[in-house]
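What the coordinates show
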Amino acid sequence: MLLFTPGPTPVPQNVRNAMAGETIHHRTSEFEAIFEKTRKYLFELFTTDEVVMMASSGTGAMESAVINLCHNTLLNVNSGKFGERFGKIAKAHRLDLVEIKNEWDTPVSVEAVVEAVKANSDIDAVAVQISESAGGLRHPVEELAKAVKEINPEIMIIADGITAVGVERIDVTNIDCLIAGSQKALMLPPGLAILGLSSAAIAKIGKGHGYYFNLASEIKKQRQNTTAYTAATTLIIGLLEVLETIKKEGGFGVLYCNTARRAKATRAALEAIGLHSYPKAPARSMTTIDDKDASKIRSILKEEYGVNVAGGQDHLKGKIFRINQMGLIAPYESIWVVNAIELILHRMGRLKYAGLASKVYNETYFKTALEKK
Ligand SMILES: *Cc1c(COP(=O)(O)O)cnc(C)c1O
């Protein structure tokens, strides 16, 4: 079965092997050396002033960011399931909440954020997804962050990059907290979250808030290449292997470039056979198609073509399907996916099969590369 869901993503064989060793104790020089190396790569990936690894799923890092960086009112961008989550976290911690809510295909407008910030001087943090996975949407986070900082540089920008870190280069100039999760673009099993922090964020954190999710205690320990509580040793060993593999394959730039090519080629292939891309601003992390037959296409893909893609949640259940683009994916796997979708549409009587999807995929994916050479 080809796992093409936008999280969890497939774990490469060499990474699974690296994690298959005997359990090592986390308070040893042996593990500290692994931690130090991993941290070094993470600084390169995040390009932030500090990085913190945390044994939790991505949501734990979201909660940690909110409680440590928002002390008054959170302005939350909600265009989907994960945007909604930041709001729920704020409410659970009795923080005041202002929300900009949009349909799941619609990116937030920078003007709306500016207006909201100007209208409420209690807002001390803004939370937003870079890639909102519910609808495969890309929010204009960098522009939004810049505009907010121009109004008040003390407002913290919390960017959920769980389906963006490892997908594309993110300009963190105006971002105070950038969050990643292991099971998405980092090609690991679930259970590890990472936060990249700005110096301004570290200053605001001070002594920190919360207990397990207190970022001050983690920062202090992780600067000494250890963790406040038991580290997710196996996942960190896996993460080091992932980061070394990306390096071996040409580095982060090559990874971003190939991800962009796959996303572009997949979308072009599916549009060529009459399908419609759902988000008004598509993220590169996934290709999201809205279609009346979404459920049927998805189940035939799984049952007969060995491809597992994701469906939609809540009101988009049965209305969309999402194809992952994150991680190291061989183009021939993606070509199989778009070809299988064309075959399914033929069988449904919606078109006459012509091998068009794979042709367009190949042309789009390889053309730019050939032109460059
Ligand atoms: C998956 C995901 C999350 C939640 O992460 P968990 O690991 O499930 O807690 C948050 N934000 C985005 C954008 C995601 O895709």
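Residues numbered from 1 in each chain as written. Predicted model: local features only at pLDDT ≥ 70, side-chain atom pairs only at ≥ 80, totals over all residues. Heavy atoms only, no water.

Focus: helix 10 (residues 252-272)
Going by this rule: Each helix is a run of H or I in the DSSP string that is no shorter than four residues. Each strand is a run of E no shorter than two, and both are numbered from the N terminus. By this rule, a helix spans an expected 1.5 Å times one less than how many residues it contains. The classification of residues rests on relative accessible area computed with a 1.4 Å probe and restricted to protein chains. Under 20% of the type maximum is buried, over 50% is exposed, and intermediate values are partly exposed.
For helix 10, with 21 residues, the first-to-last C-alpha span of 30 Å sits near the 30 Å given by 1.5 Å per residue. Turning to helix 10, its buried residues number three or more, namely Phe 252, Leu 255, Tyr 256, Thr 259, Arg 261, Arg 262, Ala 263, Ala 265, Thr 266, Ala 269 and Leu 270. The positive-phi residue at the C-terminal boundary of helix 10 is Gly 274, with phi of around 90 degrees.

A word on the pattern of salt bridges
Put simply, the test is: A side-chain nitrogen of Lys or Arg and a carboxyl oxygen of Asp or Glu constitute a salt bridge if their distance falls within 4 Å.
By the definition in use, this model includes 17 salt bridges. The residue Arg 223 makes a salt bridge to Glu 50 at a minimum N-O spacing of 2.7 Å. Residue Arg 223 is found in the loop between helix 8 (215-222) and helix 9 (233-248), and its partner Glu 50 is found in strand 2 (residues 50-55); the two are separated by 173 residues along the sequence. On the accessibility criterion, Glu 50 (3% relative accessible area) is buried. Here Lys 359 makes a salt bridge to Glu 363, at a shortest N to O gap of 2.8 Å. Highlighted residues: Lys 359 and Glu 363, both in helix 13 (residues 356-372), separated by four residues, approximately one helical turn. Overall, the relative accessible area of 37% leaves Glu 363 in the partly exposed class. Within this structure, Lys 81, Glu 84, Lys 88 and Asp 314 form a network of salt bridges that share partners.

Quick look at the sheet that holds strand 8 (residues 156-160)
Heads up, the rule is: Here, strands pair whenever DSSP counts at least two bridges between them. With axes taken as lines fitted to C-alpha atoms, and helix axes fitted only over the stretch in contact, angles between N-to-C directions fall between 0 and 180 degrees.
With respect to topology, seven strands assemble into an open sheet ordered 2-10-9-8-5-3-4, the strand pairing being mixed. At either margin of the open sheet sits one strand with a lone partner, and together these are strand 2 and strand 4 (96-101). Ignoring strand direction, the axes of neighbouring strands in this sheet form an average angle of 20 degrees. Bridge count for strand 9 (residues 177-181) against strand 10 (residues 192-197) is five bridges, and the pairing is antiparallel. In the sheet register, Cys 177 faces strand 10, and the bridge partner there is Leu 197.

A short note on the packing of aromatic side chains
Just so we agree on the cut-off: Pairs were defined over the aromatic rings of Phe, Tyr and Trp, the Trp ring being its six-membered one, requiring ring centres within 6.5 Å. Orientation was assigned from the angle between planes: stacked under 30 degrees, edge-to-face over 60, tilted for the rest. Counted as over-ring charges are cases with an Arg CZ or a Lys NZ within 6 Å of the ring centre that also lie within 35 degrees of the ring normal.
In total, this model carries eight aromatic pairs according to the counting rule given. An angle of 55 degrees between the planes, with centres 6.1 Å apart, marks the rings of Tyr 305 and Trp 336 as tilted. Placement of Tyr 305 in helix 11 (residues 294-305) and of Trp 336 in helix 12 (residues 331-347) is noted, with a sequence separation of 31 residues between them. Judged by centre distance (5.8 Å) and plane angle (15 degrees), the ring pair of Tyr 361 and Tyr 365 falls under stacked. With Tyr 361 and Tyr 365 both in helix 13, this residue pair falls four residues apart, about one helical turn. Directly above the aromatic system of Tyr 365 lies the positively charged group of Arg 261, at a separation of 3.9 Å from the ring centroid.

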